[in-house]
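Close look at the chain arrangement
Spelled out, the chains give:
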Amino acid sequence: MTVDLAGLDFTLPAELSATRPPEARGVARDEVRLLVSDGDTLTHARFRELPAFLRPGDLVVVNNSAMLAAAVDAELDGVPAVLHFSTWLTGHRWVVEVRDPAGTPWAGRPPESGARLRLPGDATAVLREPWLPGATRLWVAEVDSEVRELLARHGRPITYSYVPERWSADYYRTVFGREPGSAEMPSAGRPFTETLVTELVARGIALAPITLHTGVSSPETGEPPHPERLVVPDLTARLVNLTRAAGGRVIAVGTTVTRALESAADDRGRVHATAGWTALVLDGSRPARVVDGLITGWHAPGASHLHLLESVAGAEVVGRAYRAAVDTGYLWHEFGDTALLFRRRPGAHPGAAVA
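One structure accompanies this document, and this report is about it. Keep in mind it's a predicted model, so treat the numbers as computed, not measured. Here the residue numbers are simple positions, counted from 1 along each chain's written sequence. Totals for whole chains, interfaces and linings use all residues, but because this is a predicted model, local features are given only for residues with pLDDT of at least 70 and pairs of side-chain atoms are given and counted only at 80 or more. As a rule here, side-chain values come from all non-hydrogen atoms in the structure, and water together with hydrogens is ignored.

**Describing the overall build of the protein**
The helix and strand labels rest on DSSP assignments: H or I over at least four residues marks a helix, E over at least two residues marks a strand, and numbering proceeds from the N terminus. Within the protein, the regular secondary structure consists of 6 helices and 20 strands. Counted as positive: Lys and Arg. Counted as negative: Asp and Glu. His and the chain ends are not counted at all. Charge coordinates come from a single atom per side chain, which is NZ of Lys, CZ of Arg, CG of Asp or CD of Glu. Put simply, the protein has 36 plus and 42 minus side-chain charges, and the middle of one group is 4 Å from the middle of the other.

Listed below in structure tokens is the structure:
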């Protein structure tokens, strides 16, 4: 796989995919690697060292969405399949995705309107129409049973082909997850521990939550992010505005937090309490107005998340960080390593000094 960002082409070797949780590799959650890009300096660290790269008065914004066990075994046209529940709409209507049992894109006959999937517990899902015009990966489906009860009894975490084993829901929980609703783990928050959160607060670094329920990702197609539900509470909006007014930095934990905050910001960069849906797509043509730094995992080549990173840190910073991560063996995906990318300061010039 290759990615072209800021004029750089590089290949992601298969061995850099994290196929197991760090705990299963003998590594604590907060001991995964952390690559920090600040100005012209790249620093290699461990995630537990995060407080050393922040300052008193900074604000870390986290996603308190918790992951649902959103994958269930299914049968479509007599062929075994897996149904991913992506996003709740209204009543018994959900956005869903059909995939092969191995976690790869569906290889059977393309789904069409009216197709019925048999689910556990004698439940049925009927595909009605594509979720987005011109795309047939995600469908709006009507389910004849209570989906959350179905998932509680028969669901499991969504996995893709690069994770060959199944892992219990405990491996997909973050310390911030309080509001069930995400199809996939808001993985940038995974390396945080209660001890690390305590250390941040003790250093005068504040934390505040938003809620953004993630839908299913699409590592194969690179399609833009689809609409997602979000809540930016009034208290969080006020803390963001106060932090920026006092000269502190707003650090988003993940692309989900970045999308939520930027969706709630006006043209002057002032954040307002928001609840509903966001369809905002961030890229280099729409720079971030609020977020000064971004804690993130490493995204697959071609993923739309790369353009969101560019909106915060700039294409040169992102490209340089990704090249360094490949060269020094960082691990990709939700069980992999992390980065902290700061917005480039005015007048700074590219050119890496690696500490």
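After that view of the structure, there is still more to cover.
**Observations regarding the environment of L16**
By secondary structure assignment, the location of L16 is in the loop between β2 (8-11) and β3 (33-38). Any residue under 20% of the maximum accessible area for its type is buried, any over 50% is exposed, and the rest in between are partly exposed; the area is computed with a 1.4 Å probe on protein chains only. Accessibility expressed as a relative area gives 8% for L16, which makes it buried. Between the C-alpha atom of L16 and that of D73, which follows or precedes it by 57 residues, the distance is 29 Å. Whether two residues are in contact is decided by their heavy atoms, any of which lying within 4.5 Å being enough. If near-sequence neighbours (up to four positions away) are discounted, L16 is found in contact with V326, G329, Y330, L331 and W332.

**Considering the side chain of D58**
Relative to the helices and strands, D58 is located in the loop between β4 (41-46) and β5 (59-63). Owing to a relative accessible area of 2%, D58 belongs among the buried residues under this scheme. Two N or O atoms form a polar contact when they lie within 3.5 Å of each other; inside protein one atom must be a possible hydrogen donor and the other a possible acceptor, and for residues adjacent in sequence the pair counts only when both atoms belong to side chains. A distance of 2.8 Å separates polar atoms of two side chains, one belonging to D58 and the other to R249. With residues up to four places along the chain from it excluded, the contact list for D58 reads G204, I205, A206, T243, G248 and R249.

**What to know about the pattern of salt bridges**
Salt bridges are defined by distance alone: a side-chain nitrogen of Lys or Arg within 4 Å of a carboxyl oxygen of Asp or Glu. One pass over the structure, following the stated rule, counts 22 salt bridges. Notably, a salt bridge pairs E23 with R190, separated by 3.0 Å at the nearest N-O pair. Of the two residues, E23 sits in the loop between β2 and β3 while R190 sits in the loop between β13 (179-182) and α2 (194-202), which places them 167 residues apart along the sequence. Classification of E23 as partly exposed rests on a relative accessible area of 30%. A salt bridge links D73 to R156, with the nearest nitrogen and oxygen atoms 2.9 Å apart. Taken together, the positions of D73 in strand β7 (residues 71-76) and R156 in the loop between α1 (147-154) and β13 put the pair 83 residues apart, joining distant regions of the chain. Under the relative-accessibility criterion, R156 is labelled buried at 15%. Connected through shared salt-bridge partners, R93, R128, E129 and E142 make up one network.

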